[in-house]
Every structure is written in structure tokens, then in C-alpha cells.
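Summary of the model geometry
Listed below, chain by chain, are the residues.
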There are 2 protein chains.
Amino acid sequence: MKIVVDGFGGDNAPLCVLQGSEMAVKEYGVEIIITGDEEIIKKTAKENNISLDGIEIVHTTDVIEVCEDPTTILKEHNNSSMAAALKLLAEKKADAFVGAGSTGALVVGASLIVRRMKGIKRVALGTVIPAKGGCYMLMDSGANVECRPEMFKQFALMGSIYMENIIGVKNPRVALVNIGAEETKGSQLQIDSYKLLKESDEVNFIGNIEARDVPLGEADVVVADGFTGNVMLKLTEGLAKYLMGELKGVFTSGLKSKLAAAMVMKNIKGMKDSLDYKEYGGAPLLGSSMPVIKAHGSSDGYAFKNAIRQAKEFVETDVNAKILNALLKQKENKSE
Amino acid sequence: MKIVVDGFGGDNAPLCVLQGSEMAVKEYGVEIIITGDEEIIKKTAKENNISLDGIEIVHTTDVIEVCEDPTTILKEHNNSSMAAALKLLAEKKADAFVGAGSTGALVVGASLIVRRMKGIKRVALGTVIPAKGGCYMLMDSGANVECRPEMFKQFALMGSIYMENIIGVKNPRVALVNIGAEETKGSQLQIDSYKLLKESDEVNFIGNIEARDVPLGEADVVVADGFTGNVMLKLTEGLAKYLMGELKGVFTSGLKSKLAAAMVMKNIKGMKDSLDYKEYGGAPLLGSSMPVIKAHGSSDGYAFKNAIRQAKEFVETDVNAKILNALLKQKENKSE
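Small disclaimer: the values here were computed from a predicted structure and weren't measured. (Residues numbered from 1 in each chain as written. Chains lettered and ligands numbered in written order. Predicted model: local features only at pLDDT ≥ 70, side-chain atom pairs only at ≥ 80, totals over all residues. Heavy atoms only, no water.)

**Re the packing of helix α5 (residues 149-167) of chain B against helix α10 (residues 319-335) of chain B**
Geometry of a packed helix pair, given as the angle between the helix axes and the separation of the axes. Residues and elements named next belong to chain B. Across the interface, α5 lies against α10 with an axial gap of 10 Å and an inter-helix angle of 140 degrees. The angle between α5 and α10 falls in the class oblique. Where α5 crosses over α10, the handedness of that crossing is right-handed. On α10, the residues that touch Lys 153, Gln 154, Leu 157, Met 158, Ile 161, Asn 165 and Ile 166 of α5 are Val 319, Lys 322, Ile 323, Ala 326, Leu 327 and Gln 330. Within the contact of α5 with α10, the residues separate by chemical class into eight nonpolar, three polar and two charged. (Axes fitted to C-alpha atoms, helices over the stretch in contact; angles between N-to-C directions. Helix = DSSP H or I, 4+ residues; strand = E, 2+ residues; numbered from the N terminus. Parallel < 35°, antiparallel > 145°, perpendicular 65-115°, else oblique. Left-handed = near helix turned anticlockwise from the far one by under 90°. Contact = heavy atoms within 4.5 Å. Nonpolar A, V, L, I, M, F, W, Y, C, P; charged D, E, K, R; others polar.)

What follows is the structure, encoded as C-alpha cells:
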């Protein structure tokens, strides 16, 4: 299997991309294509003692930055490391893409360079987030600021297929983020989406979910517009950081506390790890016709490796074919 | 000073209302009017050994439930304990209102029974939430599902005056919740609101804030529509609960952990308290012509007492007069 990676996406590129790629080649036996400035890539690999075995470099000097207009990936930056990698995917020279660069540019690129699946209205970012007793997929967590009910229905379907096949959750519970349990709550978007999801027999819709119940593991696929979803994703990140910081304060105030810290260090570490998005690797851009995985912007080598593992599993379980099948079935049901 | 309280609002009413009222009479020297079924109130007080000194009962048997249509407070439930209390406030028979009942009904009641301040487009729920190094006000945290930029401008102004006068934050930093720092981010609502807030010289607008930075204390007044704000409020609550639960797990797995727990118990308790909304009492419905404080639905007696303290401070610092003044100044500046 061949995975193409954006060599210059993310805060720690190209180092973390190279580290993750090296580990992935060794651990998963995949082949890697990395895009970006060949000289810098080779220099970084050499300086950090990273083997380039199984890693092919496709040279390009341009990079699209996070602060830039995402649509420039189609124009000024159509030869950036991200665009070049997506083109290789579109041409089927690789089986999947992994990158930690600009989410906006990746959404545009996955939609218009790789292209959406037939019948899919919008690609959506499905981030898998730790919760009580497991994890849930937040769908959409940032690709589409404005949404329509039909898009929510597709998010629910794609998220369910992903959670079932990649994470192994049987008959995933789908819930709609809202400010109350009653079906009359929220704005028109929520009210109309509730109806549409309730009528849909392709997903296991359990109704509205209040944000309070999301981290408590009350649903497996949590459906929201990309604005709300992105706020939820980032608030989760910020709160975990804040609370772990407060906890650190508890354990460093005085000798007795430090002693106690030493005694539970292993457990605290385990707790921290269980909250860590890095274990899940990255977020798939579901709806793209080929597997596209968005790794976190601040990924280190380990997180990037996990994102590659995720891409591999995505290809192996053939999630996209399953989504296409489900869409086809929907169409048949409609025309009956 | 006289505070009217809804005797039958909240999960633990009327007990917690009575407990909070008794404490408030003793600690703050306020007088309390409590609305609701006189017989039940007297019986509950007697059974729980609560003194009714300084507490006047205004009898009414109806209650508006959380699940009911909020607008019924004006019709079917216009003699409910909440409506009766708000009417006493509107007639100036009390200086402020505190209640833990339905937020929706309270928003309708504060807007149409008590009435909005002149010039205020909508009342908004300003919840004060703990954050790194202090706290912030989330404005609006649930009163208005759909908002316009001019409303955001008023939320920013009212929130700033509250934070400065009640919480004691000098020149509060106001930020707009968005999915990126750049002023072109978000939907049209965010883009237009950014412009309006940037032009406003009455508030200290520091730009967009990503949800990640909110718990890290990067702003003092966090402006959002009531849908997004409510999701943020409830997610904060749920995540704190989830993480404290995980922490409990760390400290109860094995003898060594339990020993360590005993050693840091006091600090952990301090951390838990610092995260506790109960310390802040309740959320003011800013923009109402008389002080209206929404106590948390699951308030206990202590939280209810703190909400009464907050109402007292609201009256004493004359936040409403300061808001009116600021609105007047705005109007003058416009007409110049």
C-alpha cells in the first residue's frame, strides 16, 4: 500500500512527517511518498538520523500556509506540497493521503482536486474524540461553517460507517447536537435535521444530545454544523489542557503532594494518554472519493504515525466503498 | 433590600430555595419574598428546621415546568411561582429576582413581564465560568438561539459592565467566539459582528477567540450566539464531570493510589471547588430592566444562597444604571 504525505504541513514539518513516516514503514510495511523540498527533506532526515528506506520524495518548493485563503490551493498554490500530494492521490498514484496542514485548504483540495464521491454534497471532518468508556466521532468538526439538513443526514451515515468499520462500534448511536432534548429545540436547522434523521432508517438515530452528555459517552456519532463542531473540538482541547494544568498544580505544591504524585504517576499518565487525541491519529475527511486524513496541526512523529495507520485501515476496510453502497441503497429506496 | 425568589424553580425546590434564603437572610441581611404553595413551603421549612424569619410567602399553586413551552408563562402559567415572582419585581415590590426554573420561561418573563431596558434588543444570559487564573463571562449562554451583530455589540457592552463592576475586572477583554483568529473567519454573522465590535470604542475588543483559548483565560467577556454559548457552557460542565470522574478512577485503583489520594485530598478538593460554578451563584439575565438572576437548575442551598448574594451585589453596584448610561452615550455619539 502506498500513502502520500504532505511533507510541509503542520507546525513540526517536515521533521514529524519524516519521523512518522519512518515508523510507519517499519511498523506497518507501507510505502510512503512525501512531497516537498527535496533538499530540506534529505537534510532533515540526515540530521535526525531518519532512514528514507521505503520513502519516495516528490520535489516541490511551494507551501500553503494555514493563514492563507484556502482556495489558493487551486490557483497560486496549486504546486504546493499539499496540492502536489492530493494530485498524486487523484491520479491514483497513492491509496491514501495524510497531512497536517491547513484544514481549509485540505477541504477545498479534497473536494476539488481529489473530488467528492458521487452523491455526496460536502466532505466533512470527522474527528474521533475520547469520552467516558470509549470515544465518539464529531461530524462535522470544522469543514462546513454552514450546513443544510441533507448534509447532516450524510454526515450521520458516513460517521456511522466509519465508527462501525474503523473503531469497531456495533450499530453506532447517532445524536444531533442541540440545546435541549425536545425535537422543537434549536434553530430551524436543528428542527428540520431532527425530522430528517428520525425518518432515516439507515442510521441509529437516538435524538438530540446536549453538549453536557457528549463527553459522558452518550453517543457514538455526534452530528453538528462545522462551526459548532469546531468550537466543541477546540473547547475540549482547551479544557483538557486547563484541567491537566490545574492537576499539575495540585501535585507540585509541597513535598507531600510531590510524594503522592510519584505514587500515582503511572495512573495519571494513563489518564492523560486516554484523553489524548494523538492515539487516534487524525480526522478523516469523509466524502472524499479517496481516503484523506487530516493530522492535527501540532502532531509529533508519533501522532503522524498513527494518522498513517488510520489511513491504512481506511483503505483496508474499504470504508469508501461501504459509503458508496449505502448511498446507492438510499437512491434505490427513494426511486421505489 | 428585598429579593423575590421563585420557590418552585429548580430540581431541588422548594428545599434548596428555602435553605439558600435562610442563609442569605442571616449572612447578608436581605429580606426575601418566596412565591409558591404556602402549605408546602411551611411544611418543608418545618421538616428541615429552616427558620422563616425575614421570609415572606406569596401564595400560588401553579408551577411552570422546564419541559413546557416558555411562552406559556404569559398565558396558561401566568400565575405560576415564576410569573408571580417576576410580577412582584415588575411592580417594584422587590429589588431583584432569583430563580432556578426554566431558562426559556425566564427569558420570556424577563423580557415581557419585567420588560427589557429601553434600547436593549434582547436580554442575554451571562454565565460566569471558571478559567485559568480567574473566570470569564459567556455572553449569551442560552437566551437567544439566533442573533444579529447589533445584539452581539450589546452583549459585549453589558458583559463588560458586569465583569468590571461585579467581578472586579478592570477594562475587561472582549472576544468573539470564532473558528479562527482572522477577521474573515466564520459565517456572515461572525464577519459582520467582528467589524461592528472593532469599530465600537465602548468595549475593549481584542478580536476573535478560538474555543481552545477560552478556558485558558484569554478573554474576560466571551461573545457568542445563544446556541453556540449554550453548547460551550454545557460541554464545559460535561467535560469537567468526565475528567473529575477519570481522576477519581486514578485514585481508587489500588491501595497505593488510595494512600496518595489521602495525601492530596485537600488540594484536589480545592481544585474541584475552583472549577465549581456554584461559587459564582447564577447567571444574570442582562438587559432586563430590573435585576434577574438565573440560578443553576441543579442548585443546592449553598448555590442558591450565592445567587442571592449576586442579586444583592447587582443591586448595590447599580449595574443596570451603568448599562443605561452607556446606551445613552452610544446614542449621543451616533446623533453627533
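**Let's talk about empty space enclosed by the protein**
If you walk through the whole model with that rule in mind, you get one cavity of 30 Å³ or more. Taken as a whole, the largest cavity encloses approximately 50 Å³ of empty space. Every residue along the wall of the largest cavity is listed here: Leu 243, Met 244, Leu 247 and Met 271 of chain A together with Leu 243, Met 244, Leu 247 and Met 271 of chain B. When residues of the lining of the largest cavity are traced back to their parent elements, those giving at least two are α7 (226-252) of chain A together with α7 (226-252) of chain B. A class-by-class count of the residues in the lining of the largest cavity yields eight nonpolar, no polar and no charged. (1 Å grid on protein atoms, 1.4 Å probe; cavity = no way out; pocket = protein on both sides within 12 Å on 5 of 7 lines; lining within 4 Å. Points joined across faces, edges and corners; volume = space filled by probe spheres on them.)

**Quick notes on unusual backbone geometry**
With an omega dihedral of 0 degrees, the bond running from Ala 13 of chain A to Pro 14 of chain A counts as a cis peptide bond. Relative to the elements of secondary structure, Pro 14 of chain A occurs in the loop between β1 (2-6) and α1 (15-28). Backbone torsion omega between Met 139 of chain B and Asp 140 of chain B reads 15 degrees, so that peptide bond is classified as cis. Position of Asp 140 of chain B relative to the elements: it lies in the loop between β6 (134-139) and α5.

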